[in-house]
Amino acid sequence: MSTTIETILNRRSVREYTDEPVSEKDINTILDCARWAPSGLNNQPWKFIVIQDENTINNLAQCTHYSSIVLGSKVLIAVYLDNAEMYHHDKDVMAIGASIQNILLTCVELGLGSVWLGEILKQAEKVNSVLEVPESYEFMALIAIGKPVEKERTSSRKSIAELTFENKFSKKWIGSN
Ligand SMILES: Cc1cc2nc3c(=O)[nH]c(=O)nc-3n(C[C@H](O)[C@H](O)[C@H](O)COP(=O)(O)O)c2cc1C
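Only a predicted model underlies this, so the values are computations on that prediction, with no experimental measurement involved. (Residues numbered from 1 in each chain as written. Predicted model: local features only at pLDDT ≥ 70, side-chain atom pairs only at ≥ 80, totals over all residues.)

(A) Local environment of the overall build of the protein chain. The helix and strand tally for the protein chain stands at 7 helices and 4 strands. The N-to-C order of helical and strand elements in the protein chain reads α-α-β-α-α-β-α-β-α-β-α. A compact globule built from 177 residues would reach a C-alpha radius of gyration of about 16 Å, and the protein chain, at 18 Å, matches this within 12%. Along the longest, intermediate and shortest principal axes, the C-alpha atoms of the protein chain span 55 × 40 × 30 Å. Counting across all 177 residues of the protein chain, residues that qualify as buried make up 27%. At a minimum sequence separation of 6, the contacts of the protein chain that also span at least 24 residues come to 76%. (Helix = DSSP H or I, 4+ residues; strand = E, 2+ residues; numbered from the N terminus. Rg over C-alpha atoms; globule rule 2.2 N^0.38 Å. Buried ≥ 20, exposed ≤ 12 C-beta atoms within 10 Å, placed from the backbone. Contact = placed C-beta atoms within 7 Å.)

See below:
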């Protein structure tokens, strides 16, 4: 199996991290892979804020139900949609999803763990104020990153047959999974 397929299949959301720091080099690799995601018209509608400052992390932790994940992480990346670069809201949001997936997969390759935090969007205004982000930017996600605490992580998915159809919506795709 190719490394890419293994990485996709082995990635799990990681919510517990060791005290080991994440290197500047790894952060730059993550950002590089994030910016190489595809986007409509190649308009690259994303902006990233790398957060390592303890005070800022504490303030962000107060914006979410998942404060322990935020407090335990070594690096946070806030992902924003730059409305000035936007050409189609839905397509740009999808492009941002692709760039976030690149972040998550790159973390796996670097031996890091990460989780995509979306619940914090409920407090987007508070987050924008903590990060001093101008109004024209839309908060998309917070990614928590760190060296994973070793433990088994499981997840599940619906079968391909439940999700897929053959030629027409009326006929299920009969796959092997
Ligand atoms: C849009 C989105 C929002 C998410 N928000 C949260 C969140 O706020 N807190 C959290 O712990 N996990 C969050 N997750 C992670 C999901 O819970 C996780 O991806 C899902 O349970 C499948 O598990 P897996 O990533 O280990 O395969 C989010 C994932 C996505 C894609």
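From this point, the discussion proceeds with the structure in view.
(B) The arrangement of the UniProt feature "domain: Nitroreductase" (unreviewed entry) in the protein chain in detail. As recorded in UniProt, the feature "domain: Nitroreductase" (unreviewed entry) lies at residues 8-62 and 65-147. Taken end to end, residues 8-62 has its terminal C-alpha atoms 31 Å apart, with 42% of it in helix and 11% in strand. Secondary structure across residues 65-147 divides into 41% helix and 28% strand, with the first and last C-alpha atoms of the span separated by 22 Å. (UniProt positions renumbered as here; feature names shortened; annotations may be inferred.)

(C) Summary view of the site of the ligand. In the vicinity of the ligand, the contacting residues are Arg12, Ser13, Arg15, Tyr66, Val115, Trp116, Leu117, Gly118, Glu119 and Ser155. Class assignment of the residues belonging to the shell around the ligand gives a composition of 4 nonpolar, 3 polar and 3 charged. (Near = placed C-beta within 6 Å. Nonpolar A, V, L, I, M, F, W, Y, C, P; charged D, E, K, R; others polar.)

(D) Region of interest: the packing of helix α2 (residues 24-35) against helix α5 (residues 89-109). Where α2 meets α5, the axes come as close as 8 Å, and the angle between the chain directions of the two elements is 145°. Considering only the axes of α2 and α5, their crossing is right-handed. Contacts between α2 and α5 pair Thr29, Ile30, Cys33 and Ala34 from the former with Ser99, Asn102, Ile103, Thr106 and Cys107 from the latter. Class assignment for the residues of the contact of α2 with α5 results in 5 nonpolar, 4 polar and no charged. (Axes fitted to C-alpha atoms, helices over the stretch in contact; angles between N-to-C directions. Left-handed = near helix turned anticlockwise from the far one by under 90°.)

(E) Representation of the environment of Ala144. Note on placement: Ala144 falls in strand β4 (residues 137-146). With 27 C-beta atoms counted inside 10 Å, the residue Ala144 sits in the buried group. C-alpha of Ala144 to C-alpha of Ser2: the two residues are 142 residues apart in sequence and 27 Å apart in space.

(F) Examining α5 more closely. A rise of 1.5 Å per residue sets the reference length of α5, with its 21 residues, at 30 Å; its end C-alpha atoms lie 30 Å apart and thus fit the reference within 8%. The set of residues buried in α5 consists of Asp92, Ala95, Ile96, Ser99, Ile100, Ile103, Leu104, Thr106 and Cys107. Elements in contact with the buried residues of α5: α2, β1 (46-51), β2 (75-82), β3 (113-117) and β4. The first or second residue beyond α5 is Gly111, which carries a positive phi of 75°. (Expected span 1.5 Å × (residues − 1).)

(G) Representation of the pairing of β3 in the model. Within β3, 4 of the 5 residues are buried, which leaves it mostly tucked inside the rest of the structure. Across 5 bridges, the pairing between β3 and β4 is antiparallel. Its bridge partner lying in β4, Val115 is registered against Ala144. (Pairing = 2+ DSSP bridges.)

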